[in-house]
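Geometric and topological summary
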Amino acid sequence: MPVFYADVTKPETLHSAGIANAESIIVTVNDSEVATTLVEILSQHYPSIKIYARGHNAPICKKLMDLGAYKVVSENLEASIELSRQLLLSSGFTFEQQDELLTDYKQDYYEQVHPDNAKVKK
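Residues numbered from 1 in each chain as written. Predicted model: local features only at pLDDT ≥ 70, side-chain atom pairs only at ≥ 80, totals over all residues. Heavy atoms only, no water.

The name given to the protein chain in an unreviewed UniProt entry is NAD-binding protein, with Psychrosphaera algicola as the source organism.

The structure is reproduced here in structure tokens:
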């Protein structure tokens, strides 16, 4: 599968990369304003493309979903979950115990982002 690294704020970059033929795109821009602008442009001009986006926190993830992202991931949540998993495992919690705790927390978090799209797979 071809992967492109480029300045996606330039329409000619998206066109050159063949965005019109893409089935999906991942948006992992560090600047939240650029990320939201890009998701909005992509969803308006290429509505059939599934947009997977990374947001800094729940409010940004919610905004990305509202602008047309198909799925979002919170970098704050995912890093915190992994650190919590490491701590729980080293503190004697079984895999099943820590998985139940963290899955429930993750479910609650993503329900804030988009209630219709909050299912978490174990």
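1. Observations regarding the overall build of the protein chain
To keep things clear, this is the line we draw: In this text, helices come from DSSP runs of H or I with a minimum length of four residues, and strands from runs of E with a minimum of two, each type numbered from the N-terminal end. Remark: exposure states derive from per-residue accessible area (1.4 Å probe, protein chains only) relative to the maximum for the residue type, with buried under 20%, exposed over 50%, and partly exposed in between. Positive charges come from Lys and Arg, negative ones from Asp and Glu, while His and the chain ends are left out of the count. Charge placement uses NZ in Lys and CZ in Arg. For Asp and Glu, CG and CD serve respectively.
When its secondary structure is counted, the protein chain shows five helices and three strands. In the protein chain, the order of α-helices and β-strands from amino to carboxyl end is α-β-α-β-α-β-α-α. Seen along its three principal axes, the alpha-carbon backbone of the protein chain occupies a region of about 55 × 25 × 25 Å. A buried classification covers 30% of the 122 residues belonging to the protein chain. Positive and negative side-chain charges of the protein chain, numbering 11 and 17 respectively, have mean locations separated by a distance of 3 Å.

2. Topic: the packing of aromatic side chains
How we decide: By convention, a stacked pair of Phe, Tyr or Trp rings (six-membered ring in the case of Trp) has centres within 6.5 Å and planes under 30 degrees apart, an edge-to-face pair has planes over 60 apart, and any other such pair is tilted.
A complete count under the given rule lists two aromatic pairs for this structure. Ring plane angle 80° and centroid distance 5.5 Å describe the contact between Tyr109 and Tyr110, whose orientation is recorded as edge-to-face. One exposure class covers both Tyr109 and Tyr110, and it is buried.

3. Quick word on a nonpolar patch on the surface
Just so we agree on the cut-off: Note on patches: the residues involved have over 30% relative accessible area and no salt bridge, like charges join within 9 Å, and the nonpolar side chains Val, Leu, Ile, Met, Phe, Trp and Tyr join within 5 Å. Here the Shrake-Rupley method, with its probe set to 1.4 Å, supplies the accessible areas, and only the displayed protein chains count as covering residues. Salt bridges are defined as contacts in which a side-chain nitrogen from Lys or Arg sits within 4 Å of a carboxyl oxygen from Asp or Glu.
On the surface, Ile26, Tyr52 and Tyr70 cluster together into a nonpolar patch covering about 300 Å² of accessible area. Summarising the element assignment, Tyr52 is placed in strand 2 (residues 50–55).

4. Considerations on the pairing of strand 2
Keep this limit in mind: By convention, orient the strands away from the viewer: a clockwise path from the first strand over the helix to the second makes the crossover right-handed. In short, DSSP must find at least two bridges between two strands for them to pair.
Burial along strand 2 is one-sided: the residues Ile51, Ala53 and Gly55 are buried and none of Lys50, Tyr52 and Arg54 is. Once you follow strand 1 (residues 24–27) into helix 2 (residues 32–45) and on to strand 2, the crossover reads as right-handed. As defined by bridge partners, strand 2 adjoins strand 3 (residues 71–74) across four bridges and the pair is classed as parallel. Note on strand 3: the bridge partner recorded for Tyr52 is Lys71. Read from strand 2 through helix 3 (residues 58–66) to strand 3, the crossover connection turns out right-handed.

5. Looking at a negative patch on the surface
A contiguous patch of negative charge, built from Glu100, Asp104, Asp108 and Glu111, is present on the exposed surface. Looking at where Glu111 falls in the secondary structure, it is placed in helix 5 (residues 95–113).

6. So, the packing of helix 4 (residues 75–90) against helix 5
How two helices sit against one another is set out by the angle between their axes and by the gap between those axes. Here is the rule we go by: An axis is simply a line fitted to the C-alpha atoms; with a helix, the fit covers only the stretch in contact. Between two such axes, the angle follows the N-to-C directions and lies from 0 to 180 degrees. Any angle between 65 and 115 degrees counts as roughly perpendicular, while under 35 counts as roughly parallel, over 145 as roughly antiparallel, and the rest as oblique. Two helices that cross are described as forming a left-handed crossing if the nearer one is turned anticlockwise from the farther one by less than a right angle, and a right-handed crossing if clockwise. By the convention used here, residues are in contact when the closest approach between their heavy atoms is within 4.5 Å. Under the scheme applied here, ten amino acids are nonpolar (Ala, Val, Leu, Ile, Met, Phe, Trp, Tyr, Cys and Pro), four are charged (Asp, Glu, Lys and Arg), and all others, including Gly, are polar.
Put simply, helix 4 and helix 5 touch, their axes get as near as 10 Å, and they point 160° apart. Taken together, the axis directions place helix 4 and helix 5 in an arrangement best described as roughly antiparallel. Relative to helix 5, helix 4 is oriented so that their crossing is right-handed. In this structure, helix 4 uses Leu77, Glu78, Ile81, Ser84, Arg85, Leu88 and Leu89 to contact helix 5, whose residues at the interface are Phe95, Gln98, Asp99, Leu101, Leu102, Tyr105, Lys106, Tyr109 and Tyr110. In terms of residue class, the contact of helix 4 with helix 5 is built from ten nonpolar, two polar and four charged.

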